[in-house]
Amino acid sequence: MTSLEVSEETEDSGPGGYAAARLHLLHEKERSGPPRRTALSRLTDDWLAGLFTAAAPPRGTALVAVGGYGRAELSPRSDLDLLLLHDGTADKAAVAALADRIWYPVWDLGLALDHSVRTPAEARATAVDDLKVHLGLLDARPLAGDHGLVAALRTTVLADWRNQAPKRLPELHELCRERAERTGELQFLLEPDLKEARGGLRDAQVLRAVAATWVADAPREGLDGARRRLLDARDALHLTTGRATDRLALQEQDAVARELGLLDADTLLREVYEAARTISYATDVTWREVNRVLKARSTRPRLRTLLGGRGASGRAGAGKPPVERTPLAEGVVEMDGEVVLARTARPERDPVLPLRAAAAAAQSALPISLHAVRRLAAAAKPLPVPWPAEAREELVTLLGAGEATVPVWEALEAEGLITLFLPDWERVRCRPQRNPVHTWTVDRHLVETAVRASSLTRRVGRPDLLLVAALLHDIGKGWPGDHSVAGETIARDLATRIGFDRTDVTTIATAVRHHLLLVETATRRDLDDPATVRSVATAVGTVGTLELLHALTEADALATGPAAWSSWRASLVADLVKRVAGVLAGETPPDPEAAAPSAEQERLAIEALRTGDPVLTLRARTEPPADPDPADPDRAEPIGVELVIALPDRPGVLPAVAGVLALHRLTVRAADLRAVELPTGLGTGSGPVLVLDWRVAAEYGSLPEAARLRADLVRALDGSLDIPARLAEREAAYPRRRGLTAPPPRVTVAAADSRLATVIEVRAQDAPGLLHRIGRALEGAEVRVRSAHVSTLGANAVDTLYVTRPDGTLLPDEEAIDLARTLEAALR
């Protein structure tokens with residue numbers, strides 16, 4: 001039983017048994033959606049009208065529904081927006097008593113109430129001062145009392161709205177922009193606000209208000225259906241939660257989907273996103289038309305003044321200037337700030353015209369007019385396969401226009417042209433991405449990746465292949481299984497359809513198949529291991545494909561979200577690309593076993609062996625930027641912090657160091673561990689020294705002092721610092737969010753073909769001290785850690801560990817599998 005049922009079963013039934021009738025209505029499975037909202041509104045109308053009549057109202061009074069209730073769109077937990085209107089002739093005490101006899105029964109039933117008592121003049125004055133009040137009064141609907149009084153108010157308010165449109169519409173537009181910045185875009189949010197987010201119910205209401213001004217009207221195709229889907233989702237959300245909430249939280253989505261009879265939460269989100277996209281597109285088109293009309297209206301009076309009220313021929317009104325039409329491409333012109341079709345254009349005979357118009361609009365950073373795109377959609381037919389060369393070139397031109405590509409692409413997609421040309425696009429359209437690292441839905445992420453790639457085209461020999469690979473790299477996410485594998489097949493088919501030759505098709509397919517290869521290898525594998533570099537070189541095949549993948553990797557990460565790319569990741573990928581390019585050029589990767597320790601490592605090792613205690617240094621690492629500034633050629637970019645620790649080899653080093661770093665809120669990105677044998681004759685004692693080279697970053701704030709790190713490390717090694725207890729205290733102080741359950745950790749033996757070590761990969765929920773727990777488990781299994789590579793995206797961590805037996809040999813297959821099982825059990 002929901003909280004809604006509990007609250008309503010215990011409440012007073014009120015006049016006419018309203019509460020019981022309302023409860024029955026809300027849980028009728030046969031009646032939902034618009035019929036239920038209409039029935040709930042009528043039921044509430046009758047009840048409130050009964051309250052009004054029973055109170056013996058004085059003459060010249062009326063009860064009015066405004067806002068959503070005025071539109072008869074009551075959801076199960078909607079507020080009742082009511083106005084008690086009076087003409088000012090009745091005694092104030094009588095009006096106040098009437099209000100009390102209506103408001104208190106509503107409150108007694110536990111219903112949310114937004115109420116006011118005003119005369120028509122007061123309501124009109126309040127509307128002038130408060131835009132939201134004015135919008136609510138546009139939907140005023142009489143419930144009981146003097147209907148003529150309400151009709152007069154509606155007429156006056158609507159006349160004011162139309163007369164004040166040049167002032168109120170810009171004010172309303174700014175209000176919408178501020179709300180969008182505050183709440184985000186509904187069509188991309190994992191936990192969207194169905195009402196306030198951009199593309200939500202509030203924007204649908206705004207479109208109605210704009211239409212009421214007669215300045216501009218929204219594109220109506222699909223708009224009513226979109227509003228209905230969002231209202232249905234809100235109804236289901238209210239029923240499943242028992243609360244007046246508009247936020248579709250993750251933990252509620254499965255229940256809401258079941259209430260709506262949908263397959264799962266992803267299907268729910270996709271329907272919500274599609275509805276939001278329809279409303280957002282209509283909103284963009286409408287505000288563009290509003291701005292155009294208002295600008296034209298403000299220009300005409302000045303023009304008439306300049307012309308003395310008459311045109312050049314002496315006739316009044318003849319001074320209207322001709323509209324300029326600037327040619328942009330064959331059959332495409334610019335007119336009044338929009339891209340439209342030329343008078344001579346024949347879209348039914350020119351199959352490339354939609355792509356040509358889109359490319360011209362994007363290159364000119366202009367919107368494509370609604371009329372033009374609809375005319376193109378009405379006449380469009382699938383392009384011949386393979387596409388003509390012109391069509392392929394126009395697609396590449398469109399993708400290469402940068403940020404201006406997005407609104408043009410959205411216009412084509414709104415009218416079905418994208419799926420007409422690229423049928424496989426339908427599977428990724430409006431598809432949600434559950435990983436919180438992702439900012440966009442799959443389809444928008446693909447377009448954003450092409451936008452990012454457009455700024456990297458000077459780095460590759462084939463910009464056209466880069467842009468198309470960017471557009472298609474995640475196209476496999478609409479299919480089951482590994483999206484890179486599925487995407488390779490789809491990309492091969494689409495590239496062939498678009499008209500690329502066999503060699504180019506293979507390059508695009510390879511880029512799609514391996515679009516994650518560079519970043520995953522660079523952040524999760526040991527780049528000093530020759531097997532790592534050779535495996536990437538084998539997969540890539542050519543230097544041209546390597547440079548294409550390098551640019552695609554950066555564009556993909558930048559289009560994913562701020563957590564997916566950093567100077568540190570960029571430096572690792574660049575290092576890997578440099579090594580792979582060397583192998584492709586015929587060079588032999590250096591043997592890491594033969595590499596001598598650096599001068600700093602040797603200095604720290606000597607000091608550690610001399611004192612018998614840990615010695616460390618902590619410093620920022622920098623490198624020259626990818627695009628140097630000629631005015632500041634010596635400028636360097638920070639890529640993280642390097643922590644080098646040397647201490648006599650002993651058990652427990654890895655968990656101790658990882659635990660101390662976690663206590664100091666340092667995030668570990670990579671760790672290299674090596675035993676250094678010092679030259680004889682230094683007089684520093686004997687035995688190997690363990691040198692740990694860590695890449696770390698502060699979670700927030702500044703870095704800790706090296707002396708404090710060293711002191712805590714000494715305490716951790718001698719047992720006086722209880723790291724597990726300290727980490728447990730911190731975890732208890734920051735409990736996980738209620739309703740979210742992390743999937744269990746998974747540990748596997750990676751097929752890395754390394755001759756240096758066995759590679760173990762840990763996928764788990766990121767948490768303070770995760771590497772410390774991993775290190776403790778490995779110490780218990782009596783294996784030696786050669787290096788660790790940590791990759792964290794959002795709440796998920798992927799830690800890769802290169803391990804050997806104590807004597808430095810690789811683990812046999814069965815031992816490696818047992819180790820993975822042991823580690824997985826320890827992490828559970």
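Everything numeric in this text was worked out from a predicted model, so none of it was measured.

**Points about the overall build of the chain**
- Across its full length, the chain holds 32 helices and 15 strands.
- Every one of the 828 residues in the chain was classed for burial, and the buried ones make up 51%.
- The contacts in the chain between residues at least 6 apart in sequence include a share of 70% that link residues at least 24 apart.
- Across the chain, the centroid of the 103 positively charged side chains sits 5 Å from that of the 117 negatively charged ones.

**Focus: the sheet that holds strand β3 (residues 113-118)**
- Taken in spatial order, the four strands line up as β3-β2-β1-β4 in an open sheet, and their pairing is mixed. With one partner strand each, in any of the chains shown, β3 and β4 (141-145) form the two edges of the open sheet. Across the sheet, the axes of successive neighbouring strands diverge by a mean angle of 25°, strand direction being ignored.
- Of the pairings in the sheet, the one linking strand β1 (residues 61-65) to β4 comprises four bridges and is antiparallel in character.

**Considerations on the nonpolar core**
- Membership of the largest hydrophobic core comes to 91 residues, with the highest contact counts inside it found for Trp387, Trp409, Leu422 and Trp425.
- Beyond its immediate chain neighbours, meaning those up to four positions away, Leu422 contacts Trp387, Trp409, Leu471, Leu494 and Ile498.
- The next biggest cluster of nonpolar side chains, apart from the first, holds 51 residues, and it includes Leu661, Val668, Val803 and Leu823.

**Comments concerning the confidence of the model for the chain**
- Taken as a whole, the chain shows an average pLDDT of 88; of its residues, 90% reach a score of 70 or greater.
- Low pLDDT (under 50) marks residues 1-15, which in the prediction has 28 contacts with non-local residues, meaning those over four places away or in another chain.
- Below a pLDDT of 50 lies the segment residues 310-319, which in the model reaches nine contacts outside its immediate sequence neighbourhood of four places, other chains included.

**Observations concerning the pattern of salt bridges**
- If you walk through the whole model with that rule in mind, you get 54 salt bridges.
- The residue Arg619 makes a salt bridge to Glu642 at a minimum N-O spacing of 2.7 Å. A residue pair is termed long-range when its members are at least 10 positions apart, and Arg619 in strand β8 (residues 615-623) and Glu642 in strand β9 (residues 637-648) qualify at 23 residues.
- You can call Glu642 buried: its relative accessible area is 6%.
- Within the structure, one salt-bridge network assembled from shared partners comprises Arg71, Glu73, Asp139, Arg208 and Arg227.

**A closer look at the packing of helix α23 (residues 517-524) against helix α24 (residues 530-540)**
- With their axes 11 Å apart at the nearest point, α23 and α24 run at an angle of 180° to one another. By the angle between their directions, the pair α23 and α24 is classed as roughly antiparallel. Between α23 and α24, the residues in contact are Leu517, Leu518 and Thr521 and Thr532, Val536, Ala539 and Val540, respectively.
- Residue composition of the contact of α23 with α24, by class: five nonpolar, two polar and no charged.

**A look at the environment of Ile368**
- By the secondary structure assignment, Ile368 is in the loop between α14 (353-363) and α15 (370-379).
- In the structure, Ile368 is positioned 39 residues away from Pro407 in sequence and 8.5 Å away in space, judged by C-alpha atoms.
- Residue contacts for Ile368: discarding those within four places in its chain leaves Arg288, Val339, Ala357, Ala361, Leu376 and Ala411.

**A closer look at the side chain of His473**
- Along the chain, His473 turns up in the loop between α20 (463-472) and α21 (483-498).
- In this structure His473 comes out as buried when scored by relative accessible area, which is 0%.
- At a separation of 3.1 Å, a polar atom in the side chain of His473 contacts the side chain of Asp556.
- Those residues within four positions of His473 in sequence are excluded, and the remaining contacts are His445, Leu446, Thr449, His483, Val512, His515, Leu552 and Asp556.

**Let's talk about the environment of Leu186**
- Of note, Leu186 is situated in the loop between α9 (165-183) and α10 (201-212).
- Classification of Leu186 by relative accessible area gives buried; the value is 0%.
- Sequence separation of Leu186 and Gly200 is 14 residues, and the distance between their C-alpha atoms is 6.5 Å.

**Describing the sheet that holds strand β7 (residues 338-341)**
- Strand order in this open sheet of three strands is β5-β6-β7, and the pairing throughout is antiparallel. Strand pairing shows two members of the sheet lacking a second neighbour, β5 (325-329) and β7, which therefore form its edges. For this sheet, the mean inter-axis angle between neighbouring strands, taken without regard to orientation, is 40°.
- Helix-sheet contacts for α14 involve β5, β6 (332-335) and β7, and the interaxial angle to β6 is about 40°.

**Concerning the packing of aromatic side chains**
- The full count for this structure, using the stated rule, is five aromatic pairs.
- Judged by centre distance (5.1 Å) and plane angle (90°), the ring pair of Tyr104 and Trp107 falls under edge-to-face. Taken as a pair, Tyr104 and Trp107 lie in helix α5 (residues 92-108) at a separation of three residues, close to a single helical turn.
- The class of Trp107 is partly exposed, set by a relative accessible area of 37%.
- Between the NZ or CZ atom of Arg162 and the centre of the ring of Trp214, over which it lies, the distance is 3.6 Å.

**Focus: the packing of helix α16 (residues 389-399) against helix α17 (residues 405-414)**
- Orientation of α16 relative to α17, taken along the N-to-C sense of each, is 125°, at an axis distance of 9 Å. Between α16 and α17, the interaxial angle falls into the category oblique. Of the residues in α17, those in contact with Leu395, Leu398 and Leu399 of α16 are Thr405, Val408, Trp409 and Leu412.
- For the contact of α16 with α17, the residue count by class is six nonpolar, one polar and no charged.

**Side note on the pairing of β7**
- Both faces of β7 are covered, namely the face carrying Glu338 and Val340 and the face carrying Val339 and Leu341.
- Here four bridges tie β6 to β7, and the two strands are oriented antiparallel to one another. Bridging from a neighbouring strand, Val332 pairs with Leu341 of β7.

**A short note on α10**
- Compared with an ideal rise of 1.5 Å per residue, which puts twelve residues at 16 Å, α10 spans 17 Å between its outermost C-alpha atoms and is within 8% of the ideal.
- The complete set of buried residues in α10 reads Leu201, Asp203, Ala204, Gln205, Val206, Leu207, Ala209, Val210, Ala211 and Ala212.
- At the C-terminal side of α10, Trp214 shows a positive phi close to 70°.

**Considering the environment of Tyr802**
- Mapped onto the elements of the fold, Tyr802 is located in strand β15 (residues 796-804).
- Taking the C-alpha atoms as reference points, Tyr802 and His115, 687 residues apart in sequence, are found 67 Å from one another.
- Within the local environment of Tyr802, its side chain forms a polar contact with the backbone nitrogen of Asp526, the two atoms lying 2.9 Å apart.

**Topic: unusual backbone geometry**
- With an omega of -5°, the peptide bond between Val385 and Pro386 qualifies as cis.
- Looking at the element boundaries, Pro386 is found in the loop between α15 and α16.
- A positive phi angle, close to 60°, is found at Glu782, a residue other than glycine.
- Assignment of secondary structure puts Glu782 in the loop between α31 (770-780) and β14 (784-793).
- When its relative accessible area of 60% is taken as the criterion, Glu782 is described as exposed.

Cut-offs and rules
Residues numbered from 1 in each chain as written. Predicted model: local features only at pLDDT ≥ 70, side-chain atom pairs only at ≥ 80, totals over all residues. Heavy atoms only, no water. Helix = DSSP H or I, 4+ residues; strand = E, 2+ residues; numbered from the N terminus. Buried < 20%, exposed > 50% of the residue type's maximum accessible area, 1.4 Å probe, protein only. Contact = heavy atoms within 4.5 Å. Lys, Arg positive; Asp, Glu negative; His and termini not counted. Charge placed at Lys NZ, Arg CZ, Asp CG, Glu CD. Pairing = 2+ DSSP bridges. Axes fitted to C-alpha atoms, helices over the stretch in contact; angles between N-to-C directions. Core = buried A, V, L, I, M, F, W, Y, C linked by side-chain atoms within 4.5 Å. pLDDT = per-residue confidence, 0-100. Salt bridge = Lys/Arg side-chain N within 4 Å of Asp/Glu carboxyl O. Parallel < 35°, antiparallel > 145°, perpendicular 65-115°, else oblique. Nonpolar A, V, L, I, M, F, W, Y, C, P; charged D, E, K, R; others polar. Polar contact = N/O pair within 3.5 Å; in protein donor to acceptor, adjacent residues only side chain to side chain. Phe/Tyr/Trp six-rings, centres within 6.5 Å; stacked < 30°, edge-to-face > 60°. Lys NZ or Arg CZ within 6 Å of the ring centre and 35° of its normal. Expected span 1.5 Å × (residues − 1).

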